[in-house]
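Chain residues, written in single-letter form:
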Amino acid sequence: MQNHRKPIPNPRIGALSKHFPRVHALTAGVAVFVLVLAVFIPTPEVEARRMPLPVKLSPVTGETGEAHLDTTLAPHQAVPLASAGTEALQSLSLKIRNGDTLTDLFKRAKVHASEMYHLLGSGREAKQLARLAPGEELTFLLNPEGQLQRLELHKDRLSQVRFTRTTGNTFKHTLVQREPDSHPAYRHGEISSSLFVAGSEAGLSDSLIMEMADVFSSDIDFALDIRKGDSFSIMFEEKFFDGEKIGNGPILAVSFTNQGRTYSAVRYVDNKGDANYFTPEGKSMRKAFIRTPLDIVRISSHFNPRRLHPVFKSRRPHNGTDYAAPRGTPVYATGDGRVIASSYSKANGNYIFIQHGERYVTRYLHLTKRKVKKGQRVQQRQVIGTVGSTGYATGPHLHYEFLVDGRHRNPATIVRKLPKAKSVPTSEMTRFKNQTQPLLAKLASYQGPALAKLDENNP
Ligand SMILES: [Zn+2]
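As the structure is a computational prediction, the values presented were derived from the model and not from experiment.

### Here's the deal with the overall build of the protein
(1) Moving on: Looking only at helices and strands, the protein features 9 helices and 21 strands.
(2) Moving on: Going through the 459 residues of the protein one by one, you find that 46% of them count as buried.
(3) Moving on: Taking all contacts inside the protein whose residues are at least 6 apart in sequence as the whole, residues at least 24 apart take part in 67%.
(4) Moving on: Counting every atom, the protein has about 22,500 Å² of accessible surface; 53% of that belongs to carbon and sulfur.

### Points about the packing of aromatic side chains
(1) Moving on: Tallying each qualifying case throughout the model produces 13 aromatic pairs.
(2) Moving on: Ring centres of Tyr 268 and Phe 432 lie 5.1 Å apart, and the angle between their planes is 75°; this geometry places the pair in the edge-to-face category. Of this pair, Tyr 268 sits in strand 11 (residues 261-269) while Phe 432 is found in helix 9 (residues 429-457), placing the two residues 164 residues apart along the sequence.
(3) Moving on: The class for Tyr 268 is buried, based on a relative accessible area of 1%.

### Section: the sheet that holds strand 9 (residues 231-241)
(1) Moving on: Spatially, the 5 strands line up as an open sheet ordered 8-9-10-11-12, and their pairing is antiparallel. The sheet terminates laterally at strand 8 (181-190) and strand 12 (275-278), the two strands that pair on one side only. This sheet shows a mean twist of 25° between the axes of neighbouring strands, independent of strand direction.
(2) Moving on: Pairing of strand 8 with strand 9, which is carried by 10 bridges, proceeds in the antiparallel orientation. Directly across from Ala 185, in strand 9, lies its bridge partner Phe 236.
(3) Moving on: Strand contacts of helix 5 (residues 206-215): strand 9, strand 10 (244-258), strand 11 and strand 12, with the helix running at about 35° to strand 10, the strand carrying the most contacts.

### What to know about helix 5
(1) Moving on: Among all positions of helix 5, only Leu 208, Ile 209, Met 212, Ala 213 and Val 215 are buried. When helix 5 is viewed along its axis, its buried side chains cluster within an angular range of 160° and face the same direction.

### Some remarks on the confidence of the model for the protein
(1) Moving on: A residue-level look at the protein finds 73% of positions with pLDDT of 70 or above and a mean pLDDT of 78.
(2) Moving on: The low-confidence segment residues 301-316 (pLDDT under 50) makes 21 contacts with residues lying over four places distant or belonging to another chain.
(3) Moving on: Across residues 452-459, where pLDDT falls below 50, the model places 0 contacts with residues more than four positions away in sequence or in other chains.

### Comments concerning the pattern of salt bridges
(1) Moving on: Under the criterion given, the structure shown has 15 salt bridges.
(2) Moving on: Across the pair Arg 108 and Asp 100 runs a salt bridge whose closest N-O atoms are separated by 2.6 Å. Comparing Arg 108 with Asp 100 shows no difference in burial state: the two are buried.
(3) Moving on: Put simply, Arg 162 and Glu 152 hold a salt bridge, and the shortest N to O gap is 3.8 Å. Taken together, the positions of Arg 162 in strand 6 (residues 159-165) and Glu 152 in strand 5 (residues 148-156) put the pair 10 residues apart, joining distant regions of the chain. The residues Arg 162 and Glu 152 share a single accessibility class, namely buried.
(4) Moving on: Each member of the salt-bridge network shares a partner with another, and the members are Arg 150, Glu 152 and Arg 162.

### Section: helix 3 (residues 113-120)
(1) Moving on: Glu 115, Met 116 and Leu 119 are the residues of helix 3 that are buried. All buried residues of helix 3 lie within an arc of 100° about the axis, which places them on one face of the element.
(2) Moving on: Turning to helix 3, the residues buried within the fold contact helix 2 (102-108), strand 5, strand 6 and strand 7 (171-179).

### A short note on the side chain of Thr 334
(1) Moving on: Tracing the sequence through the fold places Thr 334 in the loop between strand 14 (330-332) and strand 15 (337-345).
(2) Moving on: Within polar-contact distance, the side chain of Thr 334 engages the side chain of Tyr 400 at 2.8 Å.
(3) Moving on: Ignoring anything within four residues of it in the chain, the contact list for Thr 334 reads Ala 288, Phe 289, Ile 290, Thr 292, Pro 293, Thr 362, Tyr 364, Gln 380 and Tyr 400.

### Description of unusual backbone geometry
(1) Moving on: Phi at Lys 110 takes a positive value of approximately 60°, unusual for a residue other than glycine.
(2) Moving on: The topology assignment puts Lys 110 in the loop between helix 2 and helix 3.
(3) Moving on: Even without glycine at this site, Arg 381 takes up a positive phi of about 80°.
(4) Moving on: Taking the relative accessible area as the measure of exposure, Arg 381 reaches 30% and is therefore partly exposed.

About the cut-offs
Residues numbered from 1 in each chain as written. Predicted model: local features only at pLDDT ≥ 70, side-chain atom pairs only at ≥ 80, totals over all residues. Heavy atoms only, no water. Helix = DSSP H or I, 4+ residues; strand = E, 2+ residues; numbered from the N terminus. Buried < 20%, exposed > 50% of the residue type's maximum accessible area, 1.4 Å probe, protein only. Contact = heavy atoms within 4.5 Å. Areas by Shrake-Rupley, 256 points an atom, 1.4 Å probe, with all protein chains shown as cover. Phe/Tyr/Trp six-rings, centres within 6.5 Å; stacked < 30°, edge-to-face > 60°. Pairing = 2+ DSSP bridges. Axes fitted to C-alpha atoms, helices over the stretch in contact; angles between N-to-C directions. Arc of directions from axis to C-beta. pLDDT = per-residue confidence, 0-100. Salt bridge = Lys/Arg side-chain N within 4 Å of Asp/Glu carboxyl O. Polar contact = N/O pair within 3.5 Å; in protein donor to acceptor, adjacent residues only side chain to side chain.

This is how it looks when you write it as structure tokens:
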């Protein structure tokens, strides 16, 4: 039973400190509400914190169009309910279960059925009360006489509809939309065994680690280039709701130092509203080719620089890069192009060749499965097959070749010389700098104290 009576929660949420004090001011009912709703939002990183935060309420005026309603909703003011005066209201929250009707709920709340009819008769918006869904919650606010002063329909964690008694037996309707708080968060990590281990030790979710790898996917081969001592600094948005972390927003700025070379990227939302990552100078991080033709998530968890080193040195001449990876690991097209061969040979096993524009060809050998046909167009990052050991291969690996004008080239050096995706146009440069420089400055300021501290320790 989710049935309990208790005093109305203190509406002074906004008065609480921004620094997440351990104040358990929320009533049990609200806590139950939060728990109940937590089930409906996938929150892999939710911690068991239940501290009130200032929340932004953006009331949407109901059909009556009474703007003054807003004052009763502002979280920063303790405004008494319209007709409640200073009397203490009793609050009762009921979770809607399968098959519940509004009549059932009013009965359970011990509120007279006539109140329900007054409410339903109060306007079109009240009709939605007849279509309650399991998991939603109704909160009854009653005066000491047991008269309904307000009914709240909590549709989900972020939105509720309020029906507030005005005069006599009429109710007005307000939609209250709550928005999670966003705060920039900063993490720094140094790699000792793998990117994923370092990332999770630094408190990053797997999806953030992947996003970070994605940002640098044209510059760094996360399967072969990562070394012990590589490091990253990342600033991203964290989203909180009622003091509880409900998820992450995008990466705002990030830098990655690979074998002594530092790459930086910043998120920029252009004047069309599209978000992309750029270097601090405004060059796109997206390039014609990505460096790793494999799903690094699958291989990084088994990161071992030694194991990933070429193991087929005896084969001469060796014109490609070998990626040792578990059989079945997805293989990506490293750039947009057209499949010019998808076939089998005794030496190559299952192989795929892709033509990119006039000058470039990439080749993928020893696949278990081929997932594209000759003539087919493919996009960068499209899965074209899976790692195997068909042909002359002693174990599962991908043999990858990169050819320019028919000649084998080292993708590690050639990719940096290739034409880059479009940069921020000159006309938009001021806008770009205005938006991104504060983010980069903030990333630097986070990095700064840590570095200064290091210096102190090493006079
Ligand atoms: Zn090879």
